[in-house]
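In case you want the letters, here they are:
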Amino acid sequence: MGKPLNDSETLDPSDWTALRAQGHQMLDDILDYLEHIRERPVWQPIPPEVRASVEQPIPQKPTDLAEVHDTFMRDILPFSVGNVHPGFMGWVHGGGTPVGLLAEMLAAGLNANLGGRDHMPIEVEKQVLRWVRELFGFPDTSSGLFVTGTSMANLIGVLVARTSALGVEVRHRGVAAGEKRLVAYTSAGAHSCIAQAMDLSGLGIDALRIIPVNGQFQMDVAALKRRIADDRALGLTPFFVAGTAGAVDVGAIDDLAVLAELAKEEGLWFHVDGAYGALAMLAPDIAPRLVGIERADSIAFDFHKWAQVPYDAGFILVRDGRLHYDTFASPAAYLRRETRGLAAGSPWPCDFGPDLSRGFRALKTWFTIKVYGAEKLGRVISGTCSLARYMRQRIEDTPMLELLAPVSLNIVCFRYRCEDADRVNANIVVALHESGIAVPSTTTIDGRLAIRAAIVNHRTAAADIDALIQATLDFGETLTLST
Ligand SMILES: *Cc1c(COP(=O)(O)O)cnc(C)c1O
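All figures in this text were calculated on a predicted structure; none of them were measured in a lab.

Criteria and thresholds
Counting from 1, residues in each chain are numbered in the order their sequence is written. A pLDDT threshold of at least 70 governs which residues receive local features in this predicted model, and a stricter bar of 80 or more applies before side-chain atom pairs are shown or counted, although totals over entire chains, interfaces and linings include all residues. Note: side-chain values were computed over all heavy atoms of the structure, leaving out hydrogens and water. For each residue, the accessible area found with a 1.4 Å probe, counting protein chains only, is set against the maximum for its type, and the residue is called buried under 20%, exposed over 50%, and partly exposed in between. Put simply, DSSP marks the helices as runs of H or I at least four residues long and the strands as runs of E at least two long, and each gets a number from the N terminus on. Here the rule is simple: two strands pair whenever DSSP picks up at least two bridges between them. Two residues form a contact once any of their heavy atoms are found within 4.5 Å. If even one non-hydrogen atom of a residue comes within 4 Å of a molecule or strand, that residue is called near it. In protein, a polar contact means a hydrogen-donor-capable atom and an acceptor-capable atom, both N or O and within 3.5 Å, with residues adjacent in sequence counting only if both atoms are side-chain atoms; elsewhere, any N or O pair within 3.5 Å suffices. Per-residue accessibility takes into account occlusion by the displayed protein chains alone, with areas from the Shrake-Rupley method and a 1.4 Å probe. Using a grid of 1 Å spacing that covers the protein atoms alone, one calls a set of points a cavity when a 1.4 Å probe fits there but cannot get out, and a pocket when the set is open and has protein on both sides within 12 Å along at least five of seven lines; lining residues are those with an atom within 4 Å of a point. Grid points are joined across faces, edges and corners, and a volume is the space filled by probe spheres set on the points. The nonpolar class holds Ala, Val, Leu, Ile, Met, Phe, Trp, Tyr, Cys and Pro. Asp, Glu, Lys and Arg form the charged class, and all remaining residues, Gly among them, are polar. Each domain's extent was defined by an automatic or database domain assignment. A carboxyl oxygen of Asp or Glu within 4 Å of a side-chain nitrogen of Lys or Arg is what we treat as a salt bridge. Where helices are involved, their axes are fitted lines through C-alpha atoms of the stretch in contact, as for all axes, and angles between N-to-C directions lie from 0 to 180°.

Peer 1: Give a description of the pairing of strand β10 (residues 441-445) that names residues and reports values.
Peer 2: Here β10 shows a buried face lined by Ser441, Thr443 and Ile445 and an unburied face lined by Thr442 and Thr444. Examined bridge by bridge, β10 and strand β11 (residues 448-454) share five bridges and lie antiparallel to one another. Opposite serine 441, over in β11, you have arginine 452 as the bridge partner.

The following block contains the structure:
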């Protein structure tokens, strides 16, 4: 009696001094990884025995922390994606920063749950929201929320737009109950998660009209207008148009000002998928190209791409904060609000999205913006675009290489000139990956396979571009000789 139950069963260490020493070692190891990242291959295939090492039954007995960390250093760390490396130019991946790493560690120590209640971590998230409003010229009544990524943010955008079109009763009756058949619009260059958002929201993928793009890979606005008119003639209800700021294939930016105007005339919700491109607002030389974004009804974007915040840190910004709240808020008794005490601070973040428990994504973002400053982050963004122009120039100066799309931002699509070029270029990309020299990805431009380099990482320099070009030429030559 008097002795707490299980007092020896806490998960804290009995020897904090030893834990501290091990913790410092772990921090040193991961900082060493970042400091010396250039000495590593960008990526390397996972050896079969390493892959097999994580096919074990659940461990019933403890393992020493140092031993598990050694396993991490040996079997996990070397076989990661490689997006920390300056030679990584595949898909659209941010590079992360040491500051983001340290902030993430602090957030884990605090173990805050940002679903709701009255605590300073939520105030930090609101601070980031205020910065985001300022950046995009949104009013104080707009709302915003950290989410996993732009896929989730686009889904939230579609759901709020649906509430706007059908009224808040749609949450009870469902989209199938009314007379109205909602239809949405986006361009052929849009990310596939817009279609997924239509699917998940119950509106259906077929209710998304894919509008062709013009020669600059922007949504063809005349075609959009015609399609809206056709749909109205069919008795359908156009409700949503998603413009893209930084298309995933080639980096194109839709004419957002024209889309904003058209959406206003037609009474459509104007959403911008700015997954990576929206934060070009931080770069004074690129921001003017996003004009019109300030008129959006909602903007989805990621801090984990161009702003270099470690994964994951997506964000949704909604102009009409009330409508956003009405789309998600629910009156569960165990979530009862108070005006004082820890249950104060309503509305809570859980009133603006599907997640109740939420991590402290805001902290690594807040640290990143405070420590580096918005100007520096903007210079990083501009810098990746000037590297893309440098790469375009190098390709134009190299007869064996061919540019396949205009370089609008930071993405360069090109290929090695040869016979059977689709197959050879796909093989060049595999060879590049396996060499560890550089990691581009591929896409298809006008039916032709392109090597696609998306320069997102703040660490990437001209020498990394040169290495990619040289290795492409070398592998191109070898692969065409051997066929
Ligand atoms: C990356 C990307 C997405 C998806 O964002 P996630 O953060 O990966 O969910 C959506 N749209 C565009 C244009 C993107 O570049």
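Structure's up, so let's keep going.
Peer 1: Help me get a handle on the side chain of threonine 384, residues and values and all.
Peer 2: Secondary-structure assignment places threonine 384 in helix α13 (residues 374-396). Overall, the relative accessible area of 2% leaves threonine 384 in the buried class. Residue contacts for threonine 384: discarding those within four places in its chain leaves Trp306, Asn410, Ile455, Val456 and Asn457.

Peer 1: I'd love a proper account of the site of the ligand, names of residues and values included.
Peer 2: Contacts to the ligand come from 13 residues, most closely from Ser151, Asp273, Asp302, His304 and Lys305. In the environment of the ligand, an oxygen atom lies 2.6 Å from a nitrogen or oxygen atom belonging to the side chain of serine 151. Residue aspartate 302 places a side-chain N or O atom 2.6 Å away from an oxygen atom belonging to the ligand. Out of a free accessible area of 380 Å², the ligand has 86% covered by protein chains.

Peer 1: Tell me what's going on with the layout of surface pockets, and back it up with residues and numbers.
Peer 2: The space that makes up the largest pocket amounts to roughly 480 Å³. In terms of lining, the largest pocket is formed by 22 residues, of which the most central are Ile30, Tyr33, Leu34, Val84 and Pro310. Within the residue set of the lining of the largest pocket, elements represented by two or more residues are α1 (16-35), α3 (65-76) and α4 (98-110). Broken down by class, the residue content of the lining of the largest pocket amounts to eleven nonpolar, nine polar and two charged. Inspection of the lining of the largest pocket shows a minimum of three residues originating in each of domain 1 (20-54 + 63-95 + 373-483) and domain 2 (113-359).

Peer 1: An account of the pattern of salt bridges is requested, with residue identities and associated values reported.
Peer 2: For the structure on display, the rule yields 18 salt bridges. The closest approach of N and O atoms between aspartate 75 and arginine 74, which form a salt bridge, is 3.1 Å. In this structure, the salt-bridge partner of aspartate 231 is arginine 209, at a minimum N-O distance of 3.0 Å. Of this pair, aspartate 231 sits in helix α9 (residues 221-233) while arginine 209 sits in strand β3 (residues 208-211), placing them 22 residues apart in sequence. A relative accessible area of 0% places aspartate 231 in the buried class.

Peer 1: Run through the sheet that holds β11, naming residues and quoting values.
Peer 2: Within a sheet, adjacent strands bond to each other through the backbone by hydrogen bonds, running parallel or antiparallel. In spatial order, the strands read β8-β9-β11-β10; together these four strands make up an open sheet with antiparallel pairing. Of all the strands in the sheet, the pair left with one neighbour each is β8 (401-403) and β10. In this sheet, adjacent strand axes meet at a mean angle of 45 degrees when their direction is disregarded. Contacts from α13 reach β8, β9 (411-416) and β11 within the one sheet, and its direction differs from that of β9 by about 20 degrees. Helix α14 (residues 421-435) rests against β9, β10 and β11 of the sheet, and its axis sits at about 30 degrees to β11.

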